[in-house]
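# Notes for the structure review
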Amino acid sequence: MIIKNKKILQILESLQSCLQGKEKAIILSLIAIFSKGHLLIEDFPGLGKTSLAIALSKVLNLSFGRIQCTNDLLPTDITGLSIYSKNTGEFEFKPGPIFNNIVLVDEINRATPKTQSALLEAMAEEQVTVDGKTYKLPKPFFVIATQNPVEIYGTFPLPESQLDRFMMKISIGYPDREAEKQILKEGSSRENLYRLTAAIEKEEIIKIQNEIKQIYISEKIINWIIDFVNATRQDSRILLGISTRAALAITTTAKAYAYFKGRDYVIPEDVKEMIPFVVPHRIILKEEETLKQEVISSILQGISTPP
Amino acid sequence: MLLRFITQSKTENIIFVLSILIALIPFTAIFSYISNYVNFIFLLIILASVFLHIKKIFLPIWLLNFISIGLIIMPFLSFSLEDILLPSIEALILILSIRFLSKKSSREYFQIYLLSLLLLGSSSLFNISWIFLIRVLGMLVFTIFAILLLTYMKEVKEDFINFEKIINLFKVAIFICVISIPLSALFFVILPRTPVPLMDIGFSKTKTGFSSTVNLGSVRDIEEDKTIIMRVTMEKLSQELYWRVITFDSFDGKRWRKRVSDKDSANIYGEKINYTVTLEPLTEQYLPVLDYPLKIYIQDISQEYPGVYRMKFSPEKTIKYSATSFVNYHLKEASVSSAYLEIPKIVSEKIINLTQKITSHASNKREIAESILKYLTNYQYALKDLPTGDNPVEDFLFNKKKGNCEYFATAMALMLRIKNIPSRVVGGFKGGTYNEFGGYYIVRASDAHLWVEAWIDGQWHRFDPSGKIYRTHESVIFNLIDYLWNSIVLDYDIKAQFKLAKSLKTPEIKFTREIFLILMSLGILYGFLKIYQYFNKKRDLLNRFFIIMKKQGFERKKYEGLEEFVSKIENSEVKLKAEKFVKEYEKIYFKDREISKEEHKKLKALLEQLNETHDN
């Protein structure tokens, strides 16, 4: 992934110190942020999911909240609650960790469905309602949720309809040998993370988001995306095709990617690059054994790419 | 920018509506000639097809075939051998309608256009008015537009078509039509043709303002009949024109006939006028001429009587002839037949007495005629409530005291005969409207007229007891279009071609005309080329790119994006150059821009470089 946009390069440069082996994940997270979507990271513990979230919040100069999910976590632990104040004699609203720009929801599949849905509602509406009062969430608002792929005990896996709320699902993966070596040499550097300096202002993030919106996408590509979406709906291996929200996610992320690449128009390759991160978590296969990535790439090969 | 997309189904709707329009154009031309039930079935099927199209139901092929066979056979059930053409056309239009019922791919649409074209061609068997030209033009624009749309949808394989693109395609269709007009004009001039139509069938209904007998009182609505009888190309004359067609000599009390057929020799003096008549086949076999004719130039005619010309065959289409006539003439005949003095029994004492009373002061024949003429001016010219009964002349003279030219002419002729002056009634047309733009007179059925000729002192004198009362305004422009269409298009035959070819041989001016024709056709070719390029410019470059890459052993798979394709190339030099081209090309293609001249040049140069890499 070669990034050519100067502003994005600036951000990446600031993240240099904690980039080891996580370059791709960081770029994808940035794409999700700049296309105003939420991110789901599925990976094994200890590969740096939390570090990634913290580093992003620091470099983007955004407030950071963290929710560690357990099965006794209550919705109010996320949203906050009204507490009776002795001094004033009134109920005072204590905002929860969700009132931050970047919210890291660790191990989301450990939370009970009730808590999950409170969180997902906040993600969709960008507001929370506590005791009948509605509170707006800050802007930009961006959730990074993580889940461990192989856990069985005490988890409540997210249903596919909920997964649709996440614009992308990525994994960080194991670092390569060189990167791992580097990490071992330097030791855990959580403190370094908090020392990262801001590379961009909040207003500028919103500005970039708007610039990405203006990226030109040809109707030829839109038609091709629609072809692809329809193919997923008709494919015999897939139980349920992808939604229009998913198709929208494909175009917005492709636009963001084109922007990152320093272009003001989308080419089919942008779309192809984004599909593996946007589509798989939204489809259910009829047979569990087949690989989602394989199904998707075979669908892509079945339709002709413009021009 | 707000792009308005038109989805494929909507484009299909547009094509469907266009096709219906295209089918209706020839239908409007022939519906009045073919059977009513065919018209009814045609419209019914078209309506049904619209319904089916909206509901997206398509009938199975076997059912359509079944219906087609039935409908094709039907028109032939009641046909006669002589008239196989009409049922064929009816069958054709039914087949056309059936095409609308099936599921329509571009193949079916092309069939619809072809059938419509055939039908439009066949409609020219019935009627060749200049509206035909309008129909051809309408069909040309619609068909080209529909074909462009079909081809676009097929070639580009996109579900959407840009609204602007539709407008552009329509503009191109109009452009093609506009530049094809001079081309077809060229073909019109140079293609060989026969002087007679290949299939000459007389479908024209005989309506006429003319009859070879005149029945008093049984007048039809001639005065209202605006049918054009003839057009006469000549200079405008200041005097009132009389167009002689036929003379009547014998009156039986109700009806004028022609009996005398002696060809007496006559001497004529006067002012000569040359003119050309374009005559509709409405005057039976008689040829109208300007009174009084000297000579008429056309084959297969005979002079029935001095001044009366008759064709040997009844004409079935418009004929054209030139003639020479005298105006302000003196027509001298040494003697006349006694038939011009015959008085029918119906002429009563009352009429004779009246005649005597009117002419009592007249001392010579000339004065007698003048006094009769003067007396009749007291009578009213009328078209309705005409005198009738057993003795219509008496009814006219004593009771009604009004009538049309038939009564005036009859009364005067009889009175002249009572006074022993030989007289006859001449039938023909009076006046006509001069079209200043075209330089010709138009004579209509409503101009039909009767007047009297009296033989006084060895000369025939014309007397017109009933003047014409009114004259309506003519729509000059439509007349002119009609006339030009007739004289330039319909009359254009091999003779005219020879004439043109002969005139081309003479040097100077004619030589430049030839060059002009060549230049024009070159110009048209160039125009077509430009359009072709306009559509191909973008695709063309990409195709060349693929051809060059293929030569070098790299073939793009359908599902590969351009950059994806290029990234797989191992040869770094080729890869670099190909990447450069692809990047430039994508900038235009994926931004949906029109390619500029410089960009085209640049891309071409990049392609050249890429091609040269291979050579090295």
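Everything numeric here is computed off the predicted structure, so don't read it as measured data.

### Focus: the overall build of chain B
- Helices and strands together make up the secondary structure of chain B, namely 17 helices and 21 strands.
- For chain B, buried positions account for 46% of its 616 residues.
- Of the roughly 32,400 Å² of accessible surface on chain B, 60% is carried by carbon and sulfur atoms.

### Describing helix α10 (residues 392–400) of chain B
Residues and elements named next belong to chain B.
- Of all the residues in α10, the buried ones are P392, V393, D395, F396 and L397.
- Those residues of α10 that are buried are in contact with β6 (250–251), α8 (349–358), α9 (365–376), β16 (402–403) and α11 (405–418).
- Directly after α10, the chain includes K401, whose backbone phi takes a positive value near 55°.

### Thoughts on the packing of helix α10 (residues 219–234) of chain A against helix α12 (residues 268–278) of chain A
Residues and elements named next belong to chain A.
- For the pair α10 and α12, interaxial distance at closest approach is 10 Å and the crossing angle is 30°. Taken together, α10 and α12 sit at an angle that is classed as roughly parallel. Like other packed secondary-structure pairs, α10 and α12 cross with a definite hand, here right-handed. Of the residues in α12, those touching α10 at I221, W224, I225 and F228 are P268, V271, K272 and I275.
- Considering only residue class, the contact of α10 with α12 consists of seven nonpolar, no polar and one charged.

### Digging into the interface of chain B and chain A
- Opposite the 23 residues of chain B that make contact, chain A presents 22 residues.
- In this assembly, chain B and chain A are joined by three salt bridges.
- A salt bridge links B:E564 to A:K272; its shortest N-O distance comes to 2.5 Å.
- Our enumeration of links across chain B and chain A arrives at 13 residue pairs in polar contact (both at pLDDT 80 or more).

### Overview of the pairing of strand β9 (residues 166–170) of chain A
Residue and element names in this part refer to chain A.
- Of all five residues that make up β9, four are buried, and the element is covered over most of its length.
- Of the pairings in the sheet, the one linking strand β1 (residues 38–42) to β9 comprises four bridges and is parallel in character. By the bridge assignment, L40 is partnered in β9 with K169.

### What to know about the environment of B:W243
All names here are of chain B.
- On the secondary structure map, W243 appears in strand β5 (residues 242–248).
- The class of W243 is buried, set by a relative accessible area of 0%.
- Taking the C-alpha atoms as reference points, W243 and G428, separated by 185 residues in sequence, lie 5.3 Å from one another.
- Among the polar contacts listed, one links the side chain of W243 to the backbone oxygen of G431, at a separation of 2.8 Å.

### Description of α8(B)
Residue and element names in this part refer to chain B.
- When we look at burial in α8, the residues that qualify are I351, L354, T355 and I358. Taken end-on, α8 shows its buried residues confined to a sector of 100°, consistent with a single buried face. In α8, the exposed residues that point more than 90 degrees away from the buried face are E349 and K357.
- Tucked into the core, α8 has its buried residues touching α9, α10 and α11.

### Observations concerning the sheet that holds strand β3 (residues 214–215) of chain B
Residue and element names in this part refer to chain B.
- Strand order across the open sheet formed by three strands is β3-β7-β6, with antiparallel pairing between neighbours. Pairing within the sheet leaves two strands with one partner each, and these edge strands are β3 and β6.
- In this structure, β3 lies alongside strand β7 (residues 255–257), joined through two bridges in antiparallel fashion. The partner of N215 across the bridge, within β7, is R255.
- In the packing of α11 onto the sheet, contacts are made with β3, β6 and β7, and the angle to β7 comes to roughly 70°.

### Section: the environment of B:M74
Residues and elements named next belong to chain B.
- Within the secondary structure, M74 is located in the loop between α3 (61–73) and α4 (85–99).
- Spatially, the C-alpha atom of M74 lies 9.3 Å from that of V38, the residues being 36 residues apart in sequence.
- Setting aside its immediate chain neighbours within four residues, M74 contacts Y37 and I41.

### Section: the pairing of strand β13 (residues 308–311) of chain B
Residues and elements named next belong to chain B.
- Across two bridges, strand β9 (residues 286–287) lies against β13 in antiparallel orientation. By the bridge assignment, Y286 is partnered in β13 with R310.
- In the sheet, strand β12 (residues 301–305) pairs with β13 via four bridges, with the strands oriented antiparallel. Paired with I301 across the bridge in β13 is M311.
- Between β12 and β13, which pair antiparallel and follow one another directly, the connecting turn spans two residues, one of which, G307, has a positive phi of 90°.

### Topic: the packing of aromatic side chains
- Taken as a whole and judged by the stated rule, the model has 31 aromatic pairs over all chains.
- Where B:Y109 meets B:Y113, the ring centres are 6.4 Å apart and the plane angle is 20°; that geometry is what we call stacked. Here B:Y113 and B:Y109 lie together in helix α5 (residues 106–123), a separation of four residues that amounts to about one turn.
- For B:Y109, a relative accessible area of 3% puts it in the buried group.
- On the numbers, 5.6 Å between centres and 15° between planes, the contact of B:Y585 with B:Y589 is stacked. Here the residue B:Y585 and the residue B:Y589 both occupy positions in helix α16 (residues 572–589), the gap between them amounting to four residues, near one helical turn.
- The class of B:Y585 is buried, set by a relative accessible area of 3%.
- Members of the aromatic cluster, each reached through a chain of ring pairs, are B:F545, B:F546, B:F565, B:F581, B:Y585, B:Y589 and B:F590.
- Positioned over the ring face of B:Y589 is A:K220, at 3.9 Å from the centre of the ring.
- The ring of A:Y265 is capped by A:R263, whose NZ or CZ atom sits 5.8 Å from the centre of that ring.

What counts and what doesn't
All residue numbers refer to position in the chain's written sequence, counted from 1. The naming scheme follows written order: chains are lettered A onward, ligands numbered 1 onward. Totals for whole chains, interfaces and linings use all residues, but because this is a predicted model, local features are given only for residues with pLDDT of at least 70 and pairs of side-chain atoms are given and counted only at 80 or more. For the side-chain quantities, the full set of heavy atoms in the structure was used; hydrogens and water were omitted. Helical segments are the DSSP runs of H or I of at least four residues, strand segments are the runs of E of at least two, and each set is numbered from the N terminus. Each residue gets one of three labels from its accessible area relative to the maximum for its type: buried under 20%, exposed over 50%, partly exposed in between, using a 1.4 Å probe on protein chains only. All accessibility values rest on the Shrake-Rupley procedure with a 1.4 Å probe; residue burial counts only the protein chains present in the view. Any two residues whose heavy atoms approach within 4.5 Å are treated as being in contact. For helices, the fitted line uses only the C-alpha atoms of the stretch in contact; every axis is such a line through C-alpha atoms, and the angle between N-to-C directions lies from 0 to 180 degrees. Orientation is classified from the angle alone, with under 35 degrees giving roughly parallel, over 145 giving roughly antiparallel, 65 to 115 giving roughly perpendicular, and any other angle giving oblique. Should the near helix be turned anticlockwise from the far one by less than a right angle, the crossing is termed left-handed; should it be turned clockwise, right-handed. Three classes are used, and their members are as follows: Ala, Val, Leu, Ile, Met, Phe, Trp, Tyr, Cys and Pro are nonpolar, Asp, Glu, Lys and Arg are charged, and the others, Gly among them, are polar. Each salt bridge in this description consists of a side-chain nitrogen of Lys or Arg and a carboxyl oxygen of Asp or Glu lying within 4 Å of one another. Between N or O atoms, a polar contact is any pair within 3.5 Å; within protein, one atom must be a potential hydrogen donor and the other a potential acceptor, and residues adjacent in sequence are included only when both atoms are from side chains. By this definition, two strands are paired if DSSP reports at least two bridges between them. This arc is built from the directions going out from the helix axis to the C-beta atoms. What counts as a ring pair is set by centres within 6.5 Å for rings of Phe, Tyr and Trp (its six-membered ring), and what kind of pair is set by the plane angle: stacked under 30 degrees, edge-to-face over 60, tilted for all other angles. Criterion for a charge above a ring: Lys NZ or Arg CZ within 6 Å of the ring centre, and within 35 degrees of the ring normal.

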